[in-house]
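One-letter residues, chain by chain:
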Amino acid sequence: MAKFSSVIKIFLFTFFLIFFYTVSQGQVNWTMEGSVDGSNHGNNHPRITMDAAGNPVLIWFNAGSVRFSRWHNGEFESSKILNPSITAAGASWMGPDIAAHGDTIYVVFKEVPEDVGHIWCLHSFDAGETFSDPVRVDFTADSLSRFPTVTTDASGHPVIAFMKFDQGFSNARWVVTRSNDFGNSFLPDVLASGWSSPTSHVCDCCPGAISSFGNNVVVLYRDNNNNIRDTWAALSTDGGMSFAEGINIDLKNWEIHACPSSGPDGVIIGDTLYSTFMNGASGTSRVYTNQTSLSDFKSLPGTLVTGSLPGSSQQNFPRISSSDNTVAVVWKQYLNDNDQCLLSFTSDITSGILPVFDTVATSGVFNSDIAIHNGNIIVVWEDYNSGTVEFRWGTYEVTTGTEEVRNESLHVFPNPSPDAWTLNGHDIIQGSKIEVCDISGQIVYRKVLQDNFNVSLFEIDNTGWSSGIYFLKITHGNTINGLKLVKF
């Protein structure tokens, strides 16, 4: 009987995972693929975003030039140089960055030589049809700079992070400056890094990333605390004017005595930071994803994006993009003797990303990027075989199966939580059945809301439960809702 019970538990757990995969993962239908521009224009470090209409806009680095192309009339236009009079810094693993807010586009780049060159920002208010002259960002006469990265605030002003040094490239740290006039001028920079210890610096050959939502701005960077090179997040709650705290979102304690030249990426959805990064503490470079609550600024150890993948040796250069609750991560992976581009996708990030992936490109990949917008997804990468920037286009929709699934109507807060989850949504009504399973498939909580239930909030007390991942399932009639819960 015990053996039979174990079999039933395994079956239920497998069914539960399949259910969550069906609800949360969705599907990418891959369609068009091709080259962005000719091989004579190079291919280093492509970065992509989308304008207000969902058209991709793209930059990359080639021989000191920042090249720009946009999607128009069903194809990428011939590229144009954005910095004809200023030589830019770039390589396969680092270079210019781009951000869009509607039809307003910002491009940032570092000038060479690095010891005297500055950081510059250009803006376009017409989806890339025309660009302004470069505006200097780093008014730091006593310091050196590199690795600019850009986001926009809720009003469309640029917020820029960059690495800053004392003379001689010492005392590496991340700082942030912002504009209140759409990129025509910038405020003095403020310190964002330095949270691991009073004597720590940042990893001075690793690019970073910046993300914003509402008043929250997060800078993601690789730290260097006595050669422990985990990924950290610095949080501002006033739009990048100041940074009050930082947190290790990596927690691998990777000790390495050389800079790995690889940085993190992240997006903010509501009150949660979803991030991705590479860590080599296991002896192999692997890509991880993580989520961090910004309300209490707590984080769990990262999760392998592919799980245990046969034939995989090295993973690197992850990038992440989102549209509402849809999230996708791309990365470069050396798999079966080929440098490939892989992608993991979920139509509802609140249910997590399972270790299921698509192969976007099968060889010649060094560095990739991704953009998502309203049912469309586009991946770009540098192909070192052809010397071109390649792209692949896909579409997606949420897979609901035979039952009506309304994840957008269900909210849980706080999540992660140390003691209780509060549920709010259309299905928290009389007659609903609430169940929570642990990772083994064992039902640890069950409640049927009685006929006299008449409030919109419902609390699940998890005091005394083991820390880890749980799965919430709410059934009401033909409707099933589900979310992943995390207990500290």
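Everything below is about the structure printed above this text.
So, how was this worked out
Residues numbered from 1 in each chain as written. Predicted model: local features only at pLDDT ≥ 70, side-chain atom pairs only at ≥ 80, totals over all residues. Heavy atoms only, no water. Helix = DSSP H or I, 4+ residues; strand = E, 2+ residues; numbered from the N terminus. Buried < 20%, exposed > 50% of the residue type's maximum accessible area, 1.4 Å probe, protein only. Contact = heavy atoms within 4.5 Å. Areas by Shrake-Rupley, 256 points an atom, 1.4 Å probe, with all protein chains shown as cover. Salt bridge = Lys/Arg side-chain N within 4 Å of Asp/Glu carboxyl O. Pairing = 2+ DSSP bridges. Axes fitted to C-alpha atoms, helices over the stretch in contact; angles between N-to-C directions. Polar contact = N/O pair within 3.5 Å; in protein donor to acceptor, adjacent residues only side chain to side chain. Phe/Tyr/Trp six-rings, centres within 6.5 Å; stacked < 30°, edge-to-face > 60°. Core = buried A, V, L, I, M, F, W, Y, C linked by side-chain atoms within 4.5 Å. Disulfide = S-S within 2.5 Å.

**What about the overall build of the protein?**
Secondary structure summary: the protein contains one helix and 38 strands in total. Across the 488 residues in the protein, those meeting the buried criterion constitute 59%. At a minimum sequence separation of 6, the contacts of the protein that also span at least 24 residues come to 54%. Counting only carbon and sulfur atoms, one obtains 50% of the accessible surface of the protein, whose full area is about 19500 Å².

**Thoughts on the pattern of salt bridges**
What the rule picks out here adds up to twelve salt bridges. D166 is paired through a salt bridge with R173; the nearest N and O atoms lie 3.0 Å apart. R173 gets classed as buried once you look at its relative accessible area, which sits at 15%. Notably, a salt bridge pairs E435 with K433, separated by 4.0 Å at the nearest N-O pair. The class for K433 is partly exposed, based on a relative accessible area of 32%. Each of R70, E77 and E129 takes part in one network of salt bridges that share partners.

**Brief notes about the sheet that holds strand β31 (residues 388-397)**
Taken together, the four strands give an open sheet; going across it, the order is β1-β31-β30-β29, and neighbouring strands pair in antiparallel fashion. For this open sheet the edge positions go to β1 (27-35) and β29 (365-373), each flanked by a neighbour on one side alone. Each strand axis lies, on average, 20° off the axis of its neighbour in the sheet, ignoring direction. The sheet contact formed by β1 and β31 spans seven bridges and is antiparallel. From the neighbouring strand, W30 faces β31, where its bridge partner is G394.

**Concerning the sheet that holds strand β9 (residues 119-124)**
If you trace the four strands from one edge of the open sheet to the other, you get β7-β8-β9-β10, paired in antiparallel fashion. The open sheet is flanked by β7 (97-101) and β10 (135-136), the only strands paired with a single partner. Looking at chain direction, β7 and strand β8 (residues 104-110) are connected through five bridges and run antiparallel. Considered in β8, the bridge of H101 is made with T104.

**Side note on the side chain of S197**
Its place among the elements puts S197 in the loop between β14 (190-191) and β15 (201-202). Within polar-contact distance, the side chain of S197 engages the side chain of N225 at 3.2 Å.

**Some remarks on the packing of aromatic side chains**
Within this structure, the stated rule accounts for 14 aromatic pairs. Note on W71 and W393: the rings are 4.8 Å apart at their centroids and 50° apart in plane angle, and the pair reads as tilted. Of this pair, W71 sits in strand β4 (residues 65-72) while W393 sits in strand β31; the two residues are 322 residues apart in sequence, bridging distant segments of the chain. The exposure class of W393 is buried, given its relative accessible area of 12%. Note on W93 and F147: the rings are 6.0 Å apart at their centroids and 75° apart in plane angle, and the pair reads as edge-to-face. With W93 in the loop between β6 (80-81) and β7 and F147 in strand β11 (residues 144-152), the pair connects residues that are 54 residues apart, well separated along the chain.

**Description of the pairing of strand β26 (residues 326-335)**
Across the ten residues of β26, nine count as buried, placing the element largely inside the fold. Here nine bridges tie β26 to strand β27 (residues 338-346), and the two strands are oriented antiparallel to one another. Note on β27: the bridge partner recorded for A328 is F345. Hairpin connection between β26 and β27: a loop of two residues separates the two successive antiparallel strands, and N336 in this loop has a positive phi of roughly 50°.

**Some thoughts on the nonpolar core**
Core analysis: the largest hydrophobic core is formed by 20 residues, its most contacted members being M163, W174, V176, I210, V219, Y221 and F243. When residues of this core are traced back to their parent elements, those giving at least two are β11, β12 (158-166), β13 (170-178), β17 (216-224) and β18 (231-236). Apart from residues lying up to four places away in sequence, Y221 is in contact with W174, S193, G194, W195, V202, D230, T231, W232, A234 and P264.

**Details of unusual backbone geometry**
Leaving glycine aside, a negative phi is the common case for residues, and trans is the common case for peptide bonds. Cis geometry marks the peptide bond from V112 to P113, where omega comes out at 0°. One can find P113 in the loop between β8 and β9. A positive phi angle, close to 55°, is found at N226, a residue other than glycine. Position of N226 relative to the elements: it lies in the loop between β17 and β18. The exposure class assigned to N226 is exposed, which follows from its relative accessible area of 62%. Residue F317 is not a glycine yet carries a positive backbone phi of 55°.

**Let's talk about the environment of V107**
Tracing the backbone through its elements, the reader meets V107 in strand β8. Residue class for V107 comes out buried when judged on its relative accessible area of 0%. Spatially, the C-alpha atom of V107 lies 6.5 Å from that of H123, the residues being 16 residues apart in sequence. Filtering out sequence-adjacent residues up to four positions away, V107 remains in contact with I59, V66, L82, D97, I98, W120, C121, L122 and F131.

**Quick word on the state of the cysteines**
Here, disulfide denotes a covalent bond that connects the sulfur atoms of two cysteines. Per the counting criterion, the structure on display carries zero disulfides. With no disulfide of its own, C259 lies 3.0 Å from the sulfur of C203, the closest cysteine sulfur.

**Considering the environment of F357**
Residue placement: F357 occurs in the loop between β27 and β28 (358-361). In this structure the C-alpha to C-alpha distance between F357 and A328, which are 29 residues apart in sequence, comes to 9.9 Å.

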